[in-house]
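A closer look at the structure
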Amino acid sequence: MFTHTTKLRVRYGETDQMGYMYYGNYAEFFEVGRVEMLRSLGLTYRWMEETGIMMPVLEMKCKYLKPALYDEEISIQVSMEKMPGVKIHFKYELFNEKSELIHVGETLLAFINMKNNRPSLPPQEFLDKLKPYFE
């Protein structure tokens, strides 16, 4: 299993009148978590696209336990429980500054070959960097 945590502060424009983060913005926090997880491996979305692979989201699940509040620093913990194939599954746990679990979610993405717009395996370099976490 591979897990990575990054932090992001809830900005004013991401909140509603109650000071709660707007529900649609959790997807953006998921994306930040995924991007930083890949970056921690020395990989980027830009690199992935330069190799001819894009990663669209196929499914997203969310469960709101407590609100993320304006100006609160949120810890985004992203986990991959198994090696990806044509699809890659991420799980998310968001924690507030009191280390309380406030949100859980999941996304399922696919690796798509940009030349033929068909499902593809991820680049070998990507798999090589993940392999030690799943042995």
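Procedures and definitions
Residues numbered from 1 in each chain as written. Predicted model: local features only at pLDDT ≥ 70, side-chain atom pairs only at ≥ 80, totals over all residues. Heavy atoms only, no water. Buried < 20%, exposed > 50% of the residue type's maximum accessible area, 1.4 Å probe, protein only. Helix = DSSP H or I, 4+ residues; strand = E, 2+ residues; numbered from the N terminus. Pairing = 2+ DSSP bridges. Contact = heavy atoms within 4.5 Å. Salt bridge = Lys/Arg side-chain N within 4 Å of Asp/Glu carboxyl O. Phe/Tyr/Trp six-rings, centres within 6.5 Å; stacked < 30°, edge-to-face > 60°.

Some details on the pairing of strand β4 (residues 73–80)
Side-chain positions along a regular strand alternate between the two faces of the sheet. Within β4, six of the eight residues are buried, which leaves it mostly tucked inside the rest of the structure. With eight bridges connecting them, strand β1 (residues 2–9) and β4 associate as antiparallel partners. In the sheet register, K7 faces β4, and the bridge partner there is S75. Where β4 and strand β5 (residues 87–95) come together, five bridges link them in antiparallel fashion. Across the sheet, residue S75 finds its bridge partner in β5, namely F95. The loop that links β4 with its antiparallel partner β5 comprises six residues.

A few points about the environment of L130
Mapped onto the secondary structure, L130 falls in helix α3 (residues 124–130). You can call L130 buried: its relative accessible area is 0%. Through-space distance from the C-alpha of L130 to that of N113 is 20 Å; in sequence the pair is 17 residues apart. Ignoring any residue separated from it by four or fewer positions in sequence, one finds L130 in contact with F2, L41, M80, M83 and P84.

A look at the pattern of salt bridges
Counted according to the given criterion, the structure contains six salt bridges. For R9, the salt bridge goes to E97, with nearest N and O atoms at 3.5 Å. Residue R9 is found in strand β1, and its partner E97 is found in the loop between β5 and β6 (101–110); the two are separated by 88 residues along the sequence. R9 gets classed as partly exposed once you look at its relative accessible area, which sits at 37%. A salt bridge links E14 to R11; the shortest N-O distance between them is 2.3 Å. Look at E14 and you get buried, because its relative accessible area is 7%. Each of R9, D71 and E97 takes part in salt bridges that share partners, so that together they form one network.

Quick look at the sheet that holds strand β7 (residues 112–113)
Sheet architecture is open: three strands sit in the order β2-β7-β8, paired in antiparallel fashion. Edge positions in the open sheet fall to β2 (53–54) and β8 (118–119), since each of these has one partner strand only. Here β2 runs beside β7; their pairing, made up of two bridges, is antiparallel. In the strand pairing of β7, M54 is matched with I112.

Points about the packing of aromatic side chains
Taken as a whole, this structure holds seven aromatic pairs when the rule is applied. Ring centres 4.7 Å apart and planes at 50° place the aromatic pair Y22 and Y23 in the tilted group. In this structure Y22 comes out as partly exposed when scored by relative accessible area, which is 42%. The exposure class assigned to Y23 is exposed, which follows from its relative accessible area of 53%. Pairwise contacts between aromatic rings join F30, F90 and Y92 into one cluster.

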